[in-house]
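Chain residues, written in single-letter form:
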Amino acid sequence: MEIGREGVINIVVAVALLAIPFAAVVLDETFYITLATRMAILALAAVGLNFALGLGGLVSFGHAAFFGLGGYAAGILATHAFNAEPLLLWPIEILGSNSMPVIWLTAIAISALVALPIGAISLRTTGVYFIMITLAFAQMIYYFAISWPAYGGEDGLSIYVRNGFPGVNTLNPLTFFLICYTLLIVALFLFAVFKDSRFGAALQAARQNETRVAAVGIAPYRIRLAAFVISAAIAGLAGALFADLNRFVSPSMLSWQMSGELIILIILGGTGRLFGPVAGAMIFVLVEYFLGGITERWQFFLGLTLLVVVLFARGGFIGLVAGRTRHE
Amino acid sequence: MNEPILEISGLSKNFGALRATDNVSLDLGPGEIHALIGPNGAGKSTLIHQIAGTLKPDDGVIRFLGREVNEAGPVARARMGLGRSFQVSSLAPEFSALRNVMLAVQSRQGSSFRFFKPVMRDRSLLDPAMAALDRVGLAARADVPAAELSHGERRQLEIAIALALGSKAFLLDEPMAGMGPDGSKSLTAFLSALRDEAPILLVEHDMDAVFALADRISVLVYGRIIASGSVDDIRNDPAVREAYLGNAE
Amino acid sequence: MTLALFIEQLLNGIQLGVMLFLMAAGLTLIFGVMGLINLAHGSFYMIGAFACAAVAAATGSFWLGLAASLAAAALVGALVEMTVIRRLYERDHLDQVLATFALILIFSEGTRWLFGSFPLYLDIPQVLSGTIDLPGGSRYQLYRMAIIGVGVAVAGGLYLLIARTRLGMRIRAGEADREMIGALGVDIRTLYTVVFALGAALAGLAGAMVGALQSVQVGMGEPVLILAFVVIVIGGIGSIKGALIGAILVGVVDTMGRFLLPQFFISFMGPSQGTAVGSALASMLIYILMALILAVRPSGLFAAKG
């Protein structure tokens, strides 16, 4: 298969992200491994959002809800395992867990289950309504997390020991990075495959012209709902990893700022681009780290940058270096 | 006469005080082209919307293939075989002409919930889509994004999509609009042959095309059908001349 | 639970509703006329509160502060409209969301730069500091009552403005058809700036009035903004009437939920669990209300347009 200019850039971005932690090991600056892991996890969440936003044109301003739910799934399971208290005794006994695969599946399932009714209601509307309603539902979960005292309420929940993965030592930062990186690549692969499938064709066509899709006999609603749920599930997985990275979960993972940041990641990288979220997450974390080191007011400059990107450089980073999207 | 494919009886639709569709009855039999004409603002678009299912009538019945479809939405009617072209071209602009048609083939084949096989390597989608493009004379432009097609080419593409859907009736809303004389002529010939495949309800302003094509004409004025009959009947109907032809130009 | 307490909570709910109305009216007007979703509307609320607190602290007069809040919010609103917002009208909603999100970051950090990270405090003016007697023997803060009065006056004023004045006629024309009002020879650019500044001023007024009840701090605008979104989603985007009814509904349901639900659950679950369940449920109540209303009417109660 021919690899276009964008393909080359994608490979460069993927290799660059992979190179950071190895360079960090060589330079003995382990902190940079954490930065790279943060990039990979945020990129994963944004790849999730990109299913809804990039392919489906569904501007969800509430994906922090799923990111946070994944985080809480990790935090709650780990806490119960740590305290050796069952999560539920009746009707069935559910125990805590500190095994990453179990936690990931739980995070994916919970996010998808919650996304189903939220999507089902929100997708009855379009445009601005959809933006506001997804935002409002995320706020609902945010306020619930704050006011429910059992799992730390406003103070959040600590994970005392990073959860484990069979056969490897997750306490090693490089190992944990590689786990996150692998999951990111798997998600990107899924994104690329789905995009070219019948499902992806219907989803993208519904974004471009809803009336046309209905007129050929495809109901956009169900296609979009499926995309929304898939999108939420991936964001939930990212949330579980994020909790393990920070060994801490708090309502801030569910906040509207988090939802906004996820959208920003996609836009900085380039909307609708396969590697847009990855490039966006790398730029975002770098800006956050370096600007944050120079000035306390880094968010001011982040705001200005974002404003300039939106007003004048709509293709984002990949659009800037790869030129405009090839038509299919 | 044969059993009609599409049958509309007593259809009415009000927007507040405005009676946009007023007790309209018309039908479409196998193998015919039934043209619907009328001055601007006569309510043609409103009527088309109700037939396609994007607007609910206040009163009356719409039957398609013998079944009442009042409660069916546009998606269901399209799946039953009501192929529609739009007055203002309605395509997926970023997709190529080919991918636009493939979407119709995909819908006709059933579920869109297939996640893994790449569509561009799926012969069961590609071949019928290319065949439909070929029939409307657009095969050479298959890879051009819909947004970059000329006005006339988009009309052709709309018809290719309706063909690919395997439509049992066509609902064509001003297919000639914006076409040059050559384009109109070839499209006229194409539509004339198309009627043998499935009947056409044709909304059109181009009178030359209407008179050349139509087996029957119905004239809609202020939401009501004031006359219906053969080309000659309509040409000579004094009420039509008064209400429509007299001040159309 | 006494009747007096119940009435007090009900009035608190209405007062919250009135304040939400001031936010929602501007948002819904801006969306109705210009088709713009403005996340930075909460920033005008914050700017109003800071302007009021700063001017009141410098001059000792709450009323000068209030005037300053209106002026500052309107001025910043007009400037933002002319520099940034007007480039967004033709853009899709995603661009609007991002650009106005960027404005939030700029305004929040900018305010922190100017005023520091510590909250400011604003006193209730002397004239309004007492309480009033209500029928039934209860008493209620005069200041909160005044906020309700201001809200009612603004609602009436907006109604007159839109129904009776030339500006209102242009606003209605703009909602109906953007090209038409251009054809009427109305200077659209000025109209949009005026509408945007008006919306900003209303938000600033709300911020200033609430500033005397809470602390004035960066980030105070966004929770209110999101509530205002819930209000206009419930009321129907573009409808002032919907904004008013939605605002009162949300204000009352939220306040009464927080007041009644814990008591209800305590009555059969005991104090600690009852409070937890009741307050958790109360915090979600308006969103549940929103979901229910949308399930029945996807475009809100008084949708002006789809």
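Once a new chain begins, its residue numbering starts again from 1 and follows that chain's sequence as written. Chains and ligands are labelled by the order in which they are written, letters from A for the one and numbers from 1 for the other. The predicted nature of this model means local features are confined to residues of pLDDT at least 70 and side-chain atom pairs, given and counted, to a pLDDT of 80 or more, with totals for whole chains, interfaces and linings taken over all residues. Computation of side-chain values covers all heavy atoms of the structure but excludes hydrogens and water.

Caption draft 1: Local environment of the overall build of chain A. Only DSSP runs of H or I covering at least 4 residues are called helices, and only runs of E covering at least 2 are called strands; the numbering of each starts at the N terminus. Each helix and strand in chain A was counted, giving 13 helices and two strands. Taking 2.2 N^0.38 as the reference for a compact globule, 328 residues should give roughly 20 Å; the C-alpha atoms of chain A span a radius of gyration of 20 Å, in line with that estimate. Reported as C-alpha extents along the three principal axes, the dimensions of chain A are approximately 55 × 50 × 40 Å. Should any heavy atoms of two residues lie within 4.5 Å, those residues are considered in contact. In chain A, of all internal contacts separated by at least 6 residues, the share reaching a separation of at least 24 is 77%. Every accessible area reported is derived by Shrake-Rupley at a probe size of 1.4 Å, with residue values counting cover from the shown protein chains alone. Split by element, the accessible area of chain A, about 12,600 Å² in all, is 66% carbon and sulfur. Charge assignment: positive for Lys and Arg, negative for Asp and Glu; neither His nor the chain ends contribute. By convention, the point assigned to a charge is CZ for Arg, NZ for Lys, CD for Glu and CG for Asp. Of the side-chain charges in chain A, 16 are positive and 15 negative, and the distance between the mean point of each set is 16 Å. Here the globule rule reads 2.2 Å times residues to the power 0.38, and the radius of gyration is calculated from C-alpha atoms.

Caption draft 2: A look at the environment of Gly62(A). Residues and elements named next belong to chain A. Within the secondary structure, glycine 62 sits in the loop between α2 (31-55) and α3 (64-83). Residue exposure (1.4 Å probe, protein chains only): buried if accessible area is under 20% of the type maximum, exposed if over 50%, otherwise partly exposed. Taking the relative accessible area as the measure of exposure, glycine 62 reaches 4% and is therefore buried. Here the alpha-carbon distance between glycine 62 and alanine 138, two residues 76 residues apart in the chain, equals 4.9 Å.

Caption draft 3: Looking closely at the interface of chain A and chain B. Listed as interface residues are 30 residues of chain A and, on the opposing side, 36 residues of chain B. Within this document, salt bridges are pairs made up of a side-chain nitrogen of Lys or Arg and a carboxyl oxygen of Asp or Glu, the two lying within 4 Å of each other. Note that Arg198(A) and Asp122(B) form a salt bridge whose closest N and O atoms lie 2.9 Å from each other. Here a polar contact means two N or O atoms within 3.5 Å. Within protein one must be a hydrogen donor candidate and the other an acceptor candidate, and residues neighboring in sequence count only if both atoms are side-chain atoms. Across the contact surface, chain A and chain B share 16 residue pairs in polar contact (both at pLDDT 80 or more). For the side of chain A that touches chain B, the element with the highest residue contribution is helix α7 (residues 198-208) of chain A, accounting for eight residues. When grouped by side-chain class, the residues that make up the side of chain A that touches chain B number 16 nonpolar, seven polar and seven charged. Polarity classes work like this: nonpolar for Ala, Val, Leu, Ile, Met, Phe, Trp, Tyr, Cys and Pro, charged for Asp, Glu, Lys and Arg, and polar for all others, with Gly in that last group.

Caption draft 4: Representation of unusual backbone geometry in the model. Positive phi, close to 50 degrees, is recorded for Arg247(A), a residue that is not glycine. Relative to the helices and strands, Arg247(A) resides in the loop between α9 (220-246) and β2 (248-249). Residue classification places Arg247(A) among the partly exposed residues on the basis of a relative accessible area of 32%. For Asn23(B), which is not glycine, the phi torsion reads 50 degrees and is therefore positive. Along the chain, Asn23(B) turns up in strand β2 (residues 18-28).

Caption draft 5: Focus on helix α5 (residues 151-164) of chain B. By this rule, a helix spans an expected 1.5 Å times one less than how many residues it contains. Between the first and last C-alpha of α5(B) there are 20 Å, a value that for 14 residues agrees with the 20 Å anticipated at 1.5 Å per step. All of the buried residues in α5(B) are Gly152(B), Glu153(B), Arg155(B), Leu157(B), Glu158(B), Ile159(B), Ala160(B), Ile161(B), Ala162(B), Leu163(B) and Ala164(B). Taken together, the buried residues of α5(B) touch α8 (210-215) of chain A together with β6 (82-85), α3 (97-109), α4 (123-135), β7 (169-173) and α6 (181-194) of chain B. In the stretch just after α5(B), Gly166(B) is the one whose phi turns positive, near 65 degrees.

Caption draft 6: Inspection of the interface of chain A and chain C at higher detail. Every contact between the two is made by 44 residues of chain A and, on the other side, 51 residues of chain C. Accessible-area loss on putting two parts together, using a 1.4 Å probe and summing over both, is the definition of buried area adopted here. Where chain A abuts chain C, roughly 4,200 Å² becomes buried across the two surfaces, and 81% of that area is made up of carbon and sulfur atoms. Counting the surface chain A buries against chain C, the share from its top three residues, Tyr129(A), Met132(A) and Arg297(A), is 18%. Joining chain A to chain C, the criterion identifies one salt bridge. The closest approach of N and O atoms between Glu109(C) and Arg297(A), which form a salt bridge, is 3.4 Å. The tally of links from chain A across to chain C stands at six residue pairs in polar contact (both at pLDDT 80 or more). Secondary structure elements with two or more residues in the side of chain A that touches chain C: α5 (127-147), α10 (256-269) and α12 (298-312) of chain A. Residues that form the side of chain A that touches chain C fall into these classes: 30 nonpolar, nine polar and five charged.

Caption draft 7: Structural detail: the sheet that holds strand β1 (residues 6-15) of chain B. All names here are of chain B. The rule for pairing is simple: two strands pair if DSSP sees at least two bridges between them. The strand order across the open sheet built from four strands is β2-β1-β4-β5, with neighbouring strands paired in antiparallel fashion. The strands lining the two open edges of the sheet, one partner per strand, are β2 and β5 (67-68). By the bridge criterion, five bridges tie β1 to strand β4 (residues 59-64) in an arrangement that is antiparallel. Each residue of the ladder has a partner; that of serine 12, found in β4, is aspartate 59. The sheet strands contacting helix α1 (residues 44-52) are β1, β2 and β4, and the helix crosses β1 at an angle near 120 degrees. Only C-alpha atoms enter the line fits that serve as axes; for helices the fit covers just the stretch in contact. Angles between N-to-C directions range over 0 to 180 degrees.

Caption draft 8: Representation of the packing of aromatic side chains. In summary, the pairing rule links any two rings of Phe, Tyr or Trp, Trp by its six-membered ring, whose centres are within 6.5 Å, and it sorts them by plane angle into stacked for under 30 degrees, edge-to-face for over 60 and tilted for everything else. Enumeration over the complete set of coordinates arrives at 35 aromatic pairs over all chains. With centroids separated by 5.4 Å and ring planes inclined at 15 degrees, the aromatic side chains of Phe144(A) and Trp148(A) adopt a geometry described as stacked. Ring geometry for Phe199(A) against Phe115(B): centres 4.5 Å apart, planes inclined by 45 degrees, an arrangement best described as tilted. Note that Phe199(A) is positioned in helix α7 and Phe115(B) in the loop between α3 and α4, a pairing that runs across two chains. Taken together, the aromatic side chains of Phe51(A), Phe191(A), Phe194(A), Phe199(A), Phe113(B), Phe115(B) and Phe116(B) make up a single cluster linked through ring pairs.

Caption draft 9: Here's a closer look at a nonpolar patch on the surface. Note on patches: the residues involved have over 30% relative accessible area and no salt bridge, like charges join within 9 Å, and the nonpolar side chains Val, Leu, Ile, Met, Phe, Trp and Tyr join within 5 Å. Together, Ile3(A), Val8(A), Ile11(A), Val12(A) and Val15(A) make up an exposed nonpolar region whose accessible area comes to about 450 Å². For Ile3(A), a relative accessible area of 53% corresponds to the exposed category.

Caption draft 10: Region of the structure containing the packing of helix α1 (residues 3-34) of chain C against helix α8 (residues 188-211) of chain C. Residues and elements named next belong to chain C. At their nearest, the axes of α1 and α8 sit 8 Å apart, and the two run at 165 degrees to each other. Classified by the angle their axes make, α1 and α8 are roughly antiparallel. In terms of crossing hand, the pair formed by α1 and α8 is left-handed. Touching Met19, Leu22, Met23, Ala25, Gly26, Leu29, Ile30, Val33 and Met34 of α1 are Tyr192, Val195, Phe196, Leu198, Gly199, Leu202, Ala203, Leu205, Ala206, Met209 and Val210, all from α8. Along the lines of polarity and charge, the residues of the contact of α1 with α8 split into 18 nonpolar, two polar and no charged. Geometric relationships in this document are graded by angle, where less than 35 degrees denotes roughly parallel, more than 145 denotes roughly antiparallel, 65 to 115 denotes roughly perpendicular, and other angles denote oblique. The hand of a helix crossing depends on one turn: near helix anticlockwise from the far one by less than a right angle means left-handed, and clockwise means right-handed.

Caption draft 11: Quick peek at the confidence of the model for chain C. On average, residues of chain C score 88 in pLDDT, and 94% of them are at 70 or above. Prediction confidence for the complex, expressed as pTM and ipTM, is 0.89 and 0.87 respectively. Scored from 0 to 100, pLDDT reflects the predictor's confidence in each residue.

Caption draft 12: Geometry of the nonpolar core. In this structure, Leu17(A), Leu157(B), Leu191(B) and Phe21(C) are the most contacted members of the largest nonpolar core, which totals 269 residues. Setting aside anything within four residues of it in sequence, one finds Phe21(C) in contact with Gly151(C), Val154(C), Ala155(C), Leu158(C), Ile240(C), Ala243(C), Leu244(C) and Ala247(C). Residues Leu26(B), Ile48(B), Leu171(B) and Leu201(B) belong to the second largest nonpolar core, which totals 23 residues. We call a set of buried residues a nonpolar core when its members are Ala, Val, Leu, Ile, Met, Phe, Trp, Tyr or Cys and they connect through side-chain atoms within 4.5 Å of each other.

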